[in-house]
Amino acid sequence: RQEVPMPAMVRHFAIHADDVPRAKRFYERTFDWKFEPWGPPGFYQVHGVGLLGALQERGEPLAGTGLRGFEVTLGVDDLDAALAAVRANGGTVVSAPYVIDGVGELAFVEDTEGNRLGVMRYERELQP
């Protein structure tokens, strides 16, 4: 067994979309994210999320169901307001909020492209 010299830190994420302009509008309106065109057409860097990210066209169409890729959870101050914004901007709430003792309150949503993400109100002492 080889030891890892240090923990692998998340440094970048990418949101894959069938309709990039639609996904861009969803994240701008729902979470107030900012996007900057970068590289090839239809590719954007995501700013204001505490981590370098990208929004880009999906490389191959989705078929079937089930999670593909990493699950990301976004920390929010007001879970009810975040879920209302998800609905108002074309997303779907896929699980009712539930409490994780000692951590916070979590719900799962899907964006306009069918990507699933967690939205969580963390307990204050756990806020980054």
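About the thresholds
- Residues numbered from 1 in each chain as written.
- Predicted model: local features only at pLDDT ≥ 70, side-chain atom pairs only at ≥ 80, totals over all residues.
- Heavy atoms only, no water.
- Salt bridge = Lys/Arg side-chain N within 4 Å of Asp/Glu carboxyl O.
- Helix = DSSP H or I, 4+ residues; strand = E, 2+ residues; numbered from the N terminus.
- Buried < 20%, exposed > 50% of the residue type's maximum accessible area, 1.4 Å probe, protein only.
- Pairing = 2+ DSSP bridges.
- Axes fitted to C-alpha atoms, helices over the stretch in contact; angles between N-to-C directions.

1. Overview of the pattern of salt bridges
So, point 1. Under the definition given, this model contains four salt bridges.
So, point 2. With its nearest N and O atoms 2.7 Å apart, the salt bridge here joins arginine 22 to glutamate 113. Placement of arginine 22 in helix 1 (residues 20–31) and of glutamate 113 in the loop between strand 8 (104–110) and strand 9 (116–122) is noted, with a sequence separation of 91 residues between them.
So, point 3. Exposure remark for glutamate 113: the relative accessible area of 5% places this residue in the buried category.

2. Regarding the sheet that holds strand 2 (residues 34–37)
So, point 1. What the four strands build is an open sheet, ordered 1-4-3-2; its pairing is mixed. Strands with a single pairing partner mark the edges of an open sheet, and in this sheet they are strand 1 (12–17) and strand 2. Each neighbouring strand pair of the sheet contributes to a mean axis angle of 30°, computed without reference to strand direction.
So, point 2. As defined by bridge partners, strand 1 adjoins strand 4 (residues 52–57) across six bridges and the pair is classed as parallel. Within strand 4, the residue paired with histidine 16 across the bridge is glutamine 56.

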